[in-house]
Each structure stands twice: as structure tokens, then as C-alpha cells.
Amino acid sequence: MRPTRKRPEAERGMLYLEALPAGAPQTSPPLLSPPHYLPPTHPSKMVFPGACYCLWVLVPQKEEFEHEVPEDLGPLQFVKLRKHHSLVDDAWFCDRITVRGPGAYEEAAFPCYRWVQGDGVLCLPEATARLAGNNALDVFQRHREEELKERRQIYRWATWKEGLPLTIAAGCEDDLPANMRFHEEKRLDFEWTLKAGALEMVLKRVYTLLSSWTSLEDFDLIFWGQKSPLAEKVHQRWRDDELFGYQFLNGANPMLLRRCISLPSRLVLPSGMEELQAQLERELQNGSLFEADFILLDGIPANMIRGEKQYLAAPLVMLKMDPSGKLLPMVIQIQPPSPISPTPPLFLPSDPPLAWLLAKTWVRNSDFQLHQLQYHLLNTHLLAEVIAVATMRCLPGLHPIFKLLMPHIRYTMEINTRARTQLISDGGIFDKAVSTGGGGHVHLLRRALAQLTYRSLCPLDDLADRRLLGTPGALYACDALRLWEITARYVEGIVHLFYHGDDVVKGDPELQAWCREITEVGLCQAQERGFPVSFQSQNQLCHFLTMCVFTCTAQHGAINQGQVPLGHHKEKYFSDSKAKSVLNQFQTDLENLEREITARNEQLDLPYEYLKPSHIENSVTI
């Protein structure tokens with residue numbers, strides 16, 4: 001346990017502990033000692049002679065209490081935890097409680113990972129994962145029902161904008177349930193990063209005010225601060241067609257490119273471009289013609305920033321893959337045909353260098369809009385929040401799927417709430433600085449949600465639909481498929497420990513309610529886009545859970561770099577040795593993939609590191 005802040009040295013926190021053995025009513029009197037007094041800043045060890053049971057509490061380092069009881073309690077089912085209300089009602093965060101009995105009794109774990117505050121009592125069941133039962137008299141069944149009833153009052157759905165996924169009901173981060181808030185270390189790190197970034201922007205702004213810009217090289221005036229080797233290479237080669245094409249395969253947004261099976265209907269070639277037509281047809285026949293179509297941006301209202309109207313393009317880029325595996329642009333159309341411009345202008349690599357560079361710059365601007373709003377915000381952040389809220393409302397702490405998912409939804413509610421109040425809010429950063437701000441971003445998100453299918457979130461299906469499987473140089477595709485495979489093996493290992501057949505899956509009411517809550521409620525009737533409303537088999541459940549974990553980890557990492565390595569869970573929800581073995585194998589598989597990617601990258605001029613497991617965070621937290 002740790003206090004939220006340092007307290008006066010004279011003040012002492014009072015913690016009540018009660019252990020309930022099998023068969024004991026949950027209203028029985030305390031069985032483990034009178035209250036233990038925990039020093040606020042200098043942990044000490046308290047020993048009661050004649051020890052028979054031992055209790056560990058993290059305060060913030062392990063505290064050990066020993067107390068003699070008159071009889072053998074046998075296996076413990078619950079531990080109750082309450083903090084005495086003192087003059088200053090500081091909350092304490094409890095990671096877990098571990099109880100060791102006499103003789104050959106195994107150590108019993110009681111995961112908590114919650115705040116202990118006020119006069120409320122936390123009733124912590126023993127950590128063994130259990131599915132719901134039919135016995136209304138069973139103490140664990142009563143506990144999970146009461147837990148879910150309470151959670152549904154705490155974790156409520158809200159509508160941020162009509163036509164978009166539902167969110168947690170919280171007007172700001174202070175309105176969130178305490179257990180979903182950033183811990184102090186995370187909060188300080190997050191706020192320091194924001195302040196450091198803001199300071200760098202101010203310094204660069206002041207620096208550039210001292211002189212006017214007269215050439216593209218003047219951009220070097222602001223290319224300083226935190227940089228990576230990859231950023232240095234991009235800085236040196238950002239004008240090159242080869243890098244421009246490479247980014248569609250392996251850049252920050254590898255989700256838009258697709259192989260052509262016909263020429264796009266919006267590509268209208270004016271007379272005099274017969275040679276280009278022939279080149280496109282030839283690449284199409286060879287299976288080496290690709291497209292990136294930003295049509296989703298067509299008609300989105302542009303922002304007004306400081307009284308100046310902004311502009312949005314909806315480009316189409318046609319690319320070819322040459323025999324060496326380089327993806328190169330062939331033609332760019334900035335806007336689709338319209339009654340005003342039935343044959344919009346086309347830009348070619350043979351155009352004057354600055355005209356061609358300007359066309360590519362408009363493409364990168366449009367890519368930023370879709371990358372941030374569709375593929376980053378909607379497809380990872382908002383989806384992860386739906387999964388998180390549904391998990392808290394439908395799966396009790398004893399449920400194995402709750403234990404599986406919790407490390408992957410940590411902090412997601414707070415980071416998303418901060419985004420809705422600071423980034424995409426009225427008057428937020430998007431309104432102040434981005435061309436889709438001022439309401440255009442909401443229109444774009446609604447369009448993107450209509451295209452969000454279940455298949456698009458599963459790499460093998462998505463890459464097959466975009467006809468990119470086996471594409472040379474597609475490093476995102478290669479690494480994403482490997483990570484999906486490793487994640488699927490981990491998920492299957494956990495699921496098969498608790499669901500011994502399809503009938504068990506179909507008969508789990510909590511699991512089925514969770515599925516419906518995600519598809520029908522959080523994602524607003526997404527069954528029309530292929531999302532399941534029930535699970536009928538182990539395979540179907542495993543596939544959906546793999547999508548959930550992959551979305552909250554690898555997919556988010558591919559488009560937004562994280563901080564805490566994937567698979568290294570700070571929380572220990574599972575106590576079963578077989579479940580721990582499955583997690584250990586998951587970590588081993590990730591370590592092996594890390595070595596494979598590192599070895600491969602050493603042979604590449606532009607290493608692809610976005611999906612190195614050490615670069616992927618366990619959840620959507622930034």
C-alpha cells in the first residue's frame with residue numbers, strides 16, 4: 001500500500017484486516033487480529049508470538065504480520081480490507097494481499113489493485129479464476145453478483161457525440177472512478193512530457209520569430225530537440241519518392257494502402273495522358289499497381305483558425321512496385337472529380353520539382369488527418385475504451401477474461417477523457433491548430449465509424465482484404481502477423497484452461513453479456529459491421545479476445561509509440577500456476593520476436609521498429 005501523499009509524521013494509518021475461511025459466513029467477526037497500525041513513511045515489521053498465519057501487505061514495500069488463531073482455518077476464501085477514517089482521510093492503494101498458512105498450506109493470493117478509502121470495506125476473493133455458477137448460495141457467486149451490481153453504478157456509459165462509440169461517463173479526469181485514474185508516477189510522467197513538449201514549441205516559436213523563412217532548408221531551424229536515428233534519416237530524405245512510397249507500407253499509417261484489381265473510377269485521365277494510361281494498365285496486369293485513396297476527407301468542412309479559412313484535400317495516390325521492391329508514386333490527384341472540376345488536375349513525378357513536392361505534401365497532410373482521427377483515435381483509443389467500460393460493467397474480478405484483459409485496459413479511460421477535454425474538445429488543440437478542427441473532425445469520425453468492420457481490426461483479414469499479404473518490404477504486415485500469432489497463442493492458452501468446450505463458452509452468462517455490451521451498446525449496433533453479439537465456440541471467443549488485446553497493444557503501438565514493454569504486467573491477477581505458465585510463454589515468445597526483429601533491422605537501411613515488443617505498451621495510455 002502507499003499513501004497518495006506524505007502525511008505528518010505523528011499521524012498513523014489504521015488498517016483493518018479480516019480473513020474468511022471456507023464455510024464461514026461473510027458477516028463473521030474478524031478472524032485475524034485487532035487493527036494493525038501502519039506507519040506512514042517508515043514501514044516496520046510487526047510480529048505476534050505463536051504465529052500460525054502470515055499476512056503480507058504492500059505499504060509500499062512488503063509488510064509482514066503474524067497472528068495466532070485458535071484453530072486451523074483451512075483454505076481462505078476472502079479477505080476484507082478497510083481503512084480507518086482518521087483526521088486526514090488519505091486513500092491507500094493496495095496491490096495485493098498474500099496469506100501463508102501453517103505447515104504445507106499453499107500461499108493464498110488476494111489481488112486488489114484498488115484504492116482503500118473512506119469507511120468502505122473491500123471484500124477480496126482468493127485469486128483463483130472462476131466462471132459463474134448456478135448455485136445462488138455459493139459465496140463466490142453472491143460476491144460476483146454484488147460486485148457487478150456496484151460496478152454498473154460506478155462505470156456508466158455516456159454519449160460524447162451522437163453517432164460515435166459510447167464513452168465512460170466523466171466530464172473530466174476528476175470525475176473518473178478512482179481506480180481508473182493515473183497513479184502518481186504515471187501522472188507526473190504524463191504531465192512532465194506535456195510541459196516539456198510545450199516548452200520546446202515555445203522556444204522554437206521564439207527562435208523563428210527572429211528571422212523570416214525564405215527556403216525549405218529553413219525548416220532546419222525547428223528540427224532540433226528530441227530526435228531518433230529514424231527521424232534523422234527521414235529528415236535527410238523526406239523529399240524522395242522512395243521514402244514517400246515506403247511510408248504507405250511501413251510509416252505511421254500503414255492502414256490505407258491497397259493493391260489494385262482495377263483502375264479507380266475517380267481517376268479521370270485527360271487527353272494527352274495516353275502514355276500514363278498505358279503504364280497504369282501495365283502495372284495493373286503485373287499485379288504491381290497500388291492505391292491510397294483519401295476519399296473519406298471529401299466534403300469534410302475545413303477549420304477556421306485565427307480568422308483564416310483552412311483547406312482539406314482528398315487525394316488519390318497511384319503507386320507501382322518496381323522489381324527491386326521499391327514502392328514509387330506514379331500520379332497524384334488532389335481532389336476527386338466534381339461538377340465544378342470534372343477532370344481535376346493530376347500531378348506527376350515529371351512535373352517541376354516544387355509542384356510535385358507540393359502535391360506530395362498535400363497527401364501527407366491528408367494522411368495526418370486520417371491517421372490521427374480514424375486509425376489512431378477511433379480504431380484504437382475509442383475502441384479500447386469501449387472494451388474497458390464493458391469489462392468493468394460485465395466481468396467480475398474472479399472471471400478469467402477479466403484477469404486476462406485488465407493489464408490491457410489500464411489507464412485507457414483517463415487518457416481518453418483527457419483527450420476529450422483538451423485535444424478534440426470545443427476550443428481544444430484540434431480546433432486551434434488542425435484543419436479538420438472546428439467540427440470537421442467529428443464528421444470525419446462518424447464516416448470512419450461506418451467503415452469500422454470487425455475484419456478491419458484483424459491483421460490477417462485486413463491485409464487479405466487489401467491484397468497486401470506477401471507484399472515485398474511490407475514490414476508492418478510481417479510484424480503485425482507475427483504479433484497476432486503470438487497474442488492468439490497466449491489468449492488460447494488462457495481460454496482453454498477455463499473453457500473446456502464450446503458449450504461452456506455458450507453457457508457463460510457474464511461472457512455473453514460482455515460481448516453484447518461491446519457490440520450492441522458501446523459500438524452502437526456494430527453487428528451490422530461483422531462484430532459478434534454472442535460467442536458460440538472457443539475459436540470465436542479466442543479470435544475476438546485476440547483482437548481486443550492486439551488493438552490495445554500492438555495496433556496502437558504501430559501508430560503511436562508506447563512506454564512499457566508488452567507482456568510485462570505489473571499486476572498479478574492470476575494465481576494459478578498453469579495460467580502463469582501461459583503468461584511466461586507469452587513473454588518468451590515476445591522476447592524471441594524482439595531478437596528476430598532486431599537482427600532483421602540491422603540489415604535494413606530504414607529499420608522498422610514500431611512493432612518491436614519492447615516498444616509496445618500493454619494498454620492505450622498515451
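Residues numbered from 1 in each chain as written. Predicted model: local features only at pLDDT ≥ 70, side-chain atom pairs only at ≥ 80, totals over all residues. Heavy atoms only, no water.

Novice: Run through the overall build of the chain, naming residues and quoting values.
Specialist: A tally of helices and strands in the chain yields 16 helices and 19 strands. Across the 622 residues of the chain, 52% fall into the buried class. Sequence separation of at least 24 residues holds for 69% of the intrachain contacts in the chain that already meet a minimum separation of 6. As presented, the chain carries roughly 28,500 Å² of accessible surface, and 55% of it is formed by carbon and sulfur atoms. (Helix = DSSP H or I, 4+ residues; strand = E, 2+ residues; numbered from the N terminus. Buried < 20%, exposed > 50% of the residue type's maximum accessible area, 1.4 Å probe, protein only. Contact = heavy atoms within 4.5 Å. Areas by Shrake-Rupley, 256 points an atom, 1.4 Å probe, with all protein chains shown as cover.)

Novice: Tell me about the nonpolar core, residues and numbers included.
Specialist: If you look at the biggest cluster of nonpolar residues, it comprises 128 residues, and the most contacted ones within it are F248, W514 and M547. Sort the elements by how many residues they give to this core and helix α6 (residues 353-394) lands first, with 18 residues. Beyond its immediate stretch of four places on either side in the chain, M547 contacts L383, Y454, L457, C458, W484 and F531. Counting residues in hydrophobic clusters, the runner-up holds 14 residues, among them L269, L280, L284 and M318. (Core = buried A, V, L, I, M, F, W, Y, C linked by side-chain atoms within 4.5 Å.)

Novice: Hey, could you go over the sheet that holds strand β13 (residues 258-259) for me, with residue numbers and the actual values?
Specialist: Strands pair in a sheet through their backbones, by hydrogen bonds, and they do so in one of two ways: parallel or antiparallel. With antiparallel pairing, the five strands of this open sheet are ordered in space as β13-β14-β17-β18-β19. A single partner strand is all that each edge strand has here, and the edge strands are β13 and β19 (346-347). Direction of pairing for strand β14 (residues 289-293) relative to strand β17 (residues 316-321): antiparallel, over a ladder of five bridges. Its bridge partner being in β17, D293 is matched across the sheet by L316. Packed on one face of the sheet, helix α4 (residues 241-250) meets β14, β17 and β18 (327-333) and runs near 90 degrees to β18. In the packing of helix α5 (residues 274-286) onto the sheet, contacts are made with β14, β17 and β18, and the angle to β18 comes to roughly 135 degrees. (Pairing = 2+ DSSP bridges. Axes fitted to C-alpha atoms, helices over the stretch in contact; angles between N-to-C directions.)

Novice: Pulling in residues and values, what's your account of α4?
Specialist: What sets the pattern is the α-helix's 3.6 residues per turn: residues three or four places apart point alike. Judged by how many residues are buried, α4 sits mostly within the fold: seven of ten residues are covered. Every buried residue of α4 is accounted for by L243, F244, G245, Y246, F248, L249 and N250. Packing partners of the buried residues in α4 comprise α3 (229-237), β14, β17, β18, α6 and α12 (475-498).

Novice: Before we move on, can you summarise α6 with the specific residues and values?
Specialist: Between its first and last C-alpha, α6 extends 58 Å over 42 residues, near the 62 Å set by a 1.5 Å rise per residue. The principal kink in α6, of about 45 degrees, is found at L377. Judged by how many residues are buried, α6 sits mostly within the fold: 32 of 42 residues are covered. (Expected span 1.5 Å × (residues − 1). Bend = angle between axes of the 7 residues up to and from the residue.)

Novice: Tell me about unusual backbone geometry, residues and numbers included.
Specialist: Phi angles above zero are rare outside glycine, and Y113 is one such case at about 50 degrees. One can find Y113 in strand β9 (residues 108-116). Phi is positive for R306, which is not a glycine, with a value near 50 degrees. For R306, the location among the structural elements is in the loop between β15 (304-305) and β16 (308-309). Classification of R306 by relative accessible area gives exposed; the value is 82%.

Novice: Give a description of the pattern of salt bridges that names residues and reports values.
Specialist: In the structure shown here, the tally under the stated rule is 27 salt bridges. One salt bridge connects E485 with R489, and the closest N-O pair in it is separated by 3.4 Å. Residue E485 and its partner R489 are located together in helix α12, separated by four residues, close to a single helical turn. For E485, a relative accessible area of 38% translates into the label partly exposed. (Salt bridge = Lys/Arg side-chain N within 4 Å of Asp/Glu carboxyl O.)

Novice: Go over the packing of aromatic side chains, please, and point to the residues and values.
Specialist: Throughout the structure, instances matching the rule amount to 15 aromatic pairs. A centroid spacing of 5.1 Å and a plane angle of 75 degrees characterise the contact between F93 and W115, whose relative ring orientation is edge-to-face. Of the two residues, F93 is situated in strand β8 (residues 92-100) and W115 in strand β9; the sequence distance between them amounts to 22 residues. Residue classification places F93 among the buried residues on the basis of a relative accessible area of 4%. By the ring-pair criterion, three or more aromatic residues cluster together here, those being Y454, W514, F531, F535 and F544. Across the ring face of W160, the terminal group of K161 is positioned such that the distance to the ring centre comes to 5.6 Å. Here the basic side chain of R364 rests over the ring of F248, its NZ or CZ set 5.0 Å away from the ring centre. (Phe/Tyr/Trp six-rings, centres within 6.5 Å; stacked < 30°, edge-to-face > 60°. Lys NZ or Arg CZ within 6 Å of the ring centre and 35° of its normal.)

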